[in-house]
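Chain by chain, the residues run as shown.
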Amino acid sequence: MNEEFVLELQHITKVYPGVVALKDVSLEVKKGEILALIGENGAGKSTLIKTCSGAVIPTSGKIVVNGKEFDSMTPQLAAENGIAIIYQEFNNVKGLSAAENLFLGNPIKKGIVIDKKAMEREAEKAFAQLNIKINPKTLVGDLTVGYQQMVEIAKAIKQNAKVLIMDEPSAPLTSAEVESLFKICELLKSQGVSIVYISHRLEEIFRLSDRIVVLRDGEYIKTLQTKESHVEELIHLMVGRDLTETYPDRKNTINEDEVVLELDNVSGNGNHDISFKLRKGEVLGLGGLVGAGRTELAQVIFGAAEKTSGRIVFNGKEINPKSPREAIDLGIALVPEDRKRHGALLDVSVKNNISMPIYKRISTASVINSKIEIETANKYKTELLIKTPSINQQVKNLSGGNQQKVILGKWLAANSELIIFDEPTRGIDVGAKFEIYKLINKMVELGKTVLLISSEMEELMGMSDRIIVLAEGHMIGELDKNSFDQKAIMRLASAVVGG
Ligand SMILES: Nc1ncnc2c1ncn2[C@@H]1O[C@H](COP(=O)(O)OP(=O)(O)OP(=O)(O)O)[C@@H](O)[C@H]1O
Ligand SMILES: [Mg+2]
């Protein structure tokens, strides 16, 4: 045993039917270090860390915690040995309050009765310690994805973990929230807690980590000292080749007179008097902080939430979609942000997920044309580089990023005229991001229209023709491509609306 290591993974192999997810992977975590774990979608990052909690039982290999050897873990063993994991797909209970989630499985009791008040008080303290503003009484299901993730982080920290493993914790957070997350990480590190940090955002890796472990195709590639490495090297190690551009060129022509979507003083679902025009062939970016109302606005346009006043005009006609089905039939698609809640049917195959919105079109007298179905699924598997042994694989068996690609494929196959993308590249690796940007470009070049919601400022500026900023459900400002400026957008996004 090496005294220095709090956690060692030794020769871990994990085989699934048709997939070798991990091949003889070893790594060590030192006390009080921040170790980054990086690799493309499907590289095996989540599978590897899940062996530390027993969520995945290795086919072979050992897990060594403070010198104690285990062939496999259980959630209880992990907790007893000071290992906490924040998963990529949240494990919270939507019907319980933030406080109840924090004390899940371990409630504060007064005698035999659960002491709600005490839990709420403690939760308030735990949140305050992390600088997050959540009312402990709020149902987790009513919180945005960003806040749900924060509850998870608070819960793990409350468990007094010695090793905190985080699978893409920053993905749903905005820049300001990522800053608080970093502060928390550094605070924990100074207290001797070790952190394993998975992220696709390399700038975060450079700011935060001490060492970096790279995985590719289920294999261990290399461990680097963060200070001695650079972006190009990491990308090369992850992808196995060099990538030069970040945002591909596009040749879309925006027709000023051809308005595809017009919102005229639209209110509802937490938004107030939103007005804008979206022109054919345009990518309109929607900026703002988590909770600004961007997803909520998208839901109104998509018929998933109620509009209380104002008009939505689509291709010159006023529309009032009462359900997503109606919106889809009108030619509107929404690629949602939270893949577990709205995106993919996890128990269904890649193929059936992709062809879902087109069933109506490819079926005659309710017989599905399976040839078209297979062709369509294969087309998007190839175009989006979906890593799966077959299009018949159930989506739940794909890596997080690859699930996201299936959802994208599904909406691309629907061939809609207006596509609303809500955080389309969240959790997607660098190589595949580029492919998604190319697809968005191709869509607008073909005369389709895109509304893009993104919390990644670089992406918003790199991909939009125009940006509208929302804050607290109000439209705060609009910027043209030539006046894009990160600071200006941040200022608008943080505007206090009041009144
Ligand atoms: N239960 C399962 N059954 C079959 N294959 C699986 C299962 N779980 C994971 N896999 C496969 O194992 C591989 C590694 O997946 P994993 O989720 O660990 O990737 P990842 O590096 O976390 O990717 P991402 O960045 O997309 O989250 C993938 O090819 C995935 O499809
Ligand atoms: Mg993963």
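The following paragraphs examine the structure supplied in this document. Keep in mind that what you see is a predicted model, and the values were worked out from it rather than measured.

Reading the values: the criteria
- Residues numbered from 1 in each chain as written.
- Chains lettered and ligands numbered in written order.
- Predicted model: local features only at pLDDT ≥ 70, side-chain atom pairs only at ≥ 80, totals over all residues.
- Heavy atoms only, no water.
- Helix = DSSP H or I, 4+ residues; strand = E, 2+ residues; numbered from the N terminus.
- Rg over C-alpha atoms; globule rule 2.2 N^0.38 Å.
- Buried < 20%, exposed > 50% of the residue type's maximum accessible area, 1.4 Å probe, protein only.
- Contact = heavy atoms within 4.5 Å.
- Areas by Shrake-Rupley, 256 points an atom, 1.4 Å probe, with all protein chains shown as cover.
- Phe/Tyr/Trp six-rings, centres within 6.5 Å; stacked < 30°, edge-to-face > 60°.
- Near = heavy atom within 4 Å.
- Polar contact = N/O pair within 3.5 Å; in protein donor to acceptor, adjacent residues only side chain to side chain.
- Nonpolar A, V, L, I, M, F, W, Y, C, P; charged D, E, K, R; others polar.
- Domains from an automatic or database assignment.
- Patch = residues over 30% accessible without salt bridge, like charges linked within 9 Å, V, L, I, M, F, W, Y side chains within 5 Å.
- Salt bridge = Lys/Arg side-chain N within 4 Å of Asp/Glu carboxyl O.
- Lys, Arg positive; Asp, Glu negative; His and termini not counted.
- Charge placed at Lys NZ, Arg CZ, Asp CG, Glu CD.

Some details on the overall build of the protein chain
For step 1, the next point in the chain: In terms of helices and strands, the protein chain carries 18 helices and 24 strands.
For step 2, the next point in the chain: Compactness check: the protein chain gives a C-alpha radius of gyration of 23 Å against a globular reference of 23 Å for 499 residues, within 12% of the reference.
For step 3, the next point in the chain: Dimensions of the protein chain, computed from C-alpha atoms along their principal axes, come out at roughly 70 × 55 × 50 Å.
For step 4, the next point in the chain: In the protein chain, which comprises 499 residues, the proportion classed as buried is 56%.
For step 5, the next point in the chain: Excluding contacts between residues fewer than 6 apart, the proportion of contacts in the protein chain whose partners are at least 24 apart in sequence is 66%.
For step 6, the next point in the chain: A total of about 21800 Å² of accessible surface is found on the protein chain, and carbon and sulfur atoms cover 50% of it.

Quick look at the packing of aromatic side chains
The description of two aromatic rings rests on the distance between their centres and on the angle between their planes.
For step 1, the next point in the chain: Overall, the coordinates contain two aromatic pairs when judged by the stated rule.
For step 2, the next point in the chain: Consider the rings of Tyr247 and Tyr437, whose centres lie 5.1 Å apart with planes at 35°: the pair is tilted. In this pair, Tyr247 sits in the loop between α8 (231-239) and β13 (259-268) while Tyr437 sits in helix α16 (residues 430-445), placing the two residues 190 residues apart along the sequence.
For step 3, the next point in the chain: Overall, Tyr437 belongs to the buried group, its relative accessible area being 3%.

A few points about the site of ligand 1
For step 1, the next point in the chain: Near ligand 1 there are 22 residues, and of these Gly42, Lys45, Thr47, Ser399 and Gly401 occur at the shortest range.
For step 2, the next point in the chain: A distance of 2.7 Å is found between an oxygen atom of ligand 1 and a side-chain nitrogen or oxygen belonging to Lys45.
For step 3, the next point in the chain: Taken by itself ligand 1 offers 650 Å² of open surface, and the protein chains cover 91% of this.
For step 4, the next point in the chain: Listing elements by their share of the shell around ligand 1, those giving two or more residues are β2 (19-30), α1 (45-50) and α15 (400-413).
For step 5, the next point in the chain: Among the residues making up the shell around ligand 1, the classes are represented as five nonpolar, 13 polar and four charged.
For step 6, the next point in the chain: Residue assignment places the shell around ligand 1 across two domains, with domain 1 (5-239) and domain 2 (259-493) each supplying three or more.

Regarding a positive patch on the surface
For step 1, the next point in the chain: Residues Lys110, Lys117, Arg121 and Lys137 make up a contiguous surface patch of positive charge.
For step 2, the next point in the chain: Tracing the sequence through the fold places Arg121 in helix α4 (residues 116-129).

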